[in-house]
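Now for the letters of each chain:
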Amino acid sequence: MSPAVDAVELRRRTRDLIAAHPPATTDRTDFLKARFDAGLAWVHYPEGLGGLDAPRSLQQAVDAELAAADAPDNDPRRIGIGLGMAAPTILGFGTDEQKRRFLRPLWVGEEVWCQLFSEPGAGSDLAALATRAVRDGDDWVVDGQKVWTSSAHAARWAILIARTDPDLPKHRGISYFICDMTDPGVDVRPLRQITGEAEFNEVFLSGVRIPDSHRLGPVGEGWKVAQTTLMNERVSIGGSRIPREGGMIGPVSRTWRERPELRTHDTHQRLLTLWVEAEVARLTGERLRQQLVAGQPGPEGSGMKLAFARLNQQISGLEVELLGDEGLLYGDWTMVRPELVDFTGRDAGYRYLRSKGNSIEGGTSEVLLNIVAERVLGLPAEPRNDKDVAWKDLSR
């Protein structure tokens, strides 16, 4: 950490940025690039990569100054996969050249990222993935299929794991790559969901050539690299910073206050219980983010993601029930391909249907329960008979 950079210094640097690039008259992208170059994008990142080697906790000093000046943000919901998953993985395992190439346009939002992990036969058991990457000179040739890929239709780049050695056990024969989504061998097809939208996609990879310079981490150690991505993913999904009554509890609380004719004793008791649980989850998320100041996210993020999924589903169910007949209405079934998920800006029916996916995306609740049991509580691991068996010899 840089001892010269404290909250006072960061506020001064932020005010200098605002003076040199007035938000009211500066192009949004130009302002964000200037902010990145000033080290005020994510202050805990290294100098030259959008940060100042400062404590992560000091980011709020920068954000407060920028908010007061009505400065633009980088639309984090639209580029959440890049910010929350790709960036920390590139920072942890990328070469200097990869960091310089990818982090700035990622943070500014010029390049959207997606995540090519899950497959039709490797969702909960991700290490069983079958997408192959075969070395060909300075390139890797990738063939396979990925599924449930958020934002693939809008993405410029993808983080990808593929099997590079089928003769090794499933966790050891995987490598991690950065894939160009504009490659002609990449075929993105929409998956229409229960909401009517196609926010997710299937991605077919046919002879996609990835230069070895776009590999993250050593060959065969992709599972280790992927753990960094997955732990950050669960923190970004379940532990994002929100104000009191932010998230799903906000709309149902407003309905309760504004529509007294809908109230019953039973819904009152359930709302009180869920409000308290949502506040506990919010404060737990704050504590988890403070722990991140000292290092990388751990398995505790899986517990937050579990709570996030359960609460969203229970709160949205209560909201639909509270609204009665109105809760059965649905605004629009048009098949569109959105670039972000907007829980609070839509109607109750959308929230109810979309929250069903929360217990699947980012790790199923069943898998996360295992992680919490084994890695947080220290309970005995489930027997695994395939840990030392070559992937090619596994029954499928």
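Residues numbered from 1 in each chain as written. Predicted model: local features only at pLDDT ≥ 70, side-chain atom pairs only at ≥ 80, totals over all residues. Heavy atoms only, no water.

Participant: Explain a nonpolar patch on the surface to me, using residue names and the numbers behind them.
Facilitator: Judged by side-chain polarity, Val376, Leu377 and Leu379 come together as a nonpolar surface patch covering roughly 280 Å² of accessible area. For Leu377, the location among the structural elements is in the segment after helix H11 (365–376). (Patch = residues over 30% accessible without salt bridge, like charges linked within 9 Å, V, L, I, M, F, W, Y side chains within 5 Å. Areas by Shrake-Rupley, 256 points an atom, 1.4 Å probe, with all protein chains shown as cover. Salt bridge = Lys/Arg side-chain N within 4 Å of Asp/Glu carboxyl O. Helix = DSSP H or I, 4+ residues; strand = E, 2+ residues; numbered from the N terminus.)

Participant: Please set out the packing of aromatic side chains residue by residue, giving values where relevant.
Facilitator: Applying the stated rule across the entire model yields nine aromatic pairs. With 4.1 Å between their ring centres and 15° between their planes, Trp42 and Tyr45 make a pair best called stacked. Overall, Tyr45 belongs to the buried group, its relative accessible area being 4%. Where Trp148 meets Phe200, the ring centres are 6.0 Å apart and the plane angle is 90°; that geometry is what we call edge-to-face. Taken together, the residues Trp148 in the loop between strand S3 (139–146) and strand S4 (157–163) and Phe200 in strand S7 (residues 200–211) connect sequence positions 52 residues apart. (Phe/Tyr/Trp six-rings, centres within 6.5 Å; stacked < 30°, edge-to-face > 60°. Buried < 20%, exposed > 50% of the residue type's maximum accessible area, 1.4 Å probe, protein only.)

Participant: Could you give me a rundown of the environment of Ala130, with the residues and numbers involved?
Facilitator: By the secondary structure assignment, Ala130 is in the loop between strand S1 (113–116) and strand S2 (132–136). With relative accessibility at 39%, the residue Ala130 sits in the partly exposed group. Considered as a pair, Ala130 and Phe200 are 70 residues apart in the sequence and their alpha carbons are 20 Å apart.

Participant: Please provide a residue-by-residue account of helix H7 (residues 249–258), values included.
Facilitator: Most of H7 sits inside the fold, with seven of its ten residues counted as buried. Listed as buried for H7 are Ile249, Gly250, Pro251, Val252, Ser253, Thr255 and Trp256.

Participant: Would you mind going over unusual backbone geometry in detail, with residue names and values included?
Facilitator: Located in the positive-phi region is Asp53, a residue other than glycine, with phi close to 55°. Mapped onto the fold, Asp53 is located in the loop between helix H2 (28–37) and helix H3 (59–68).

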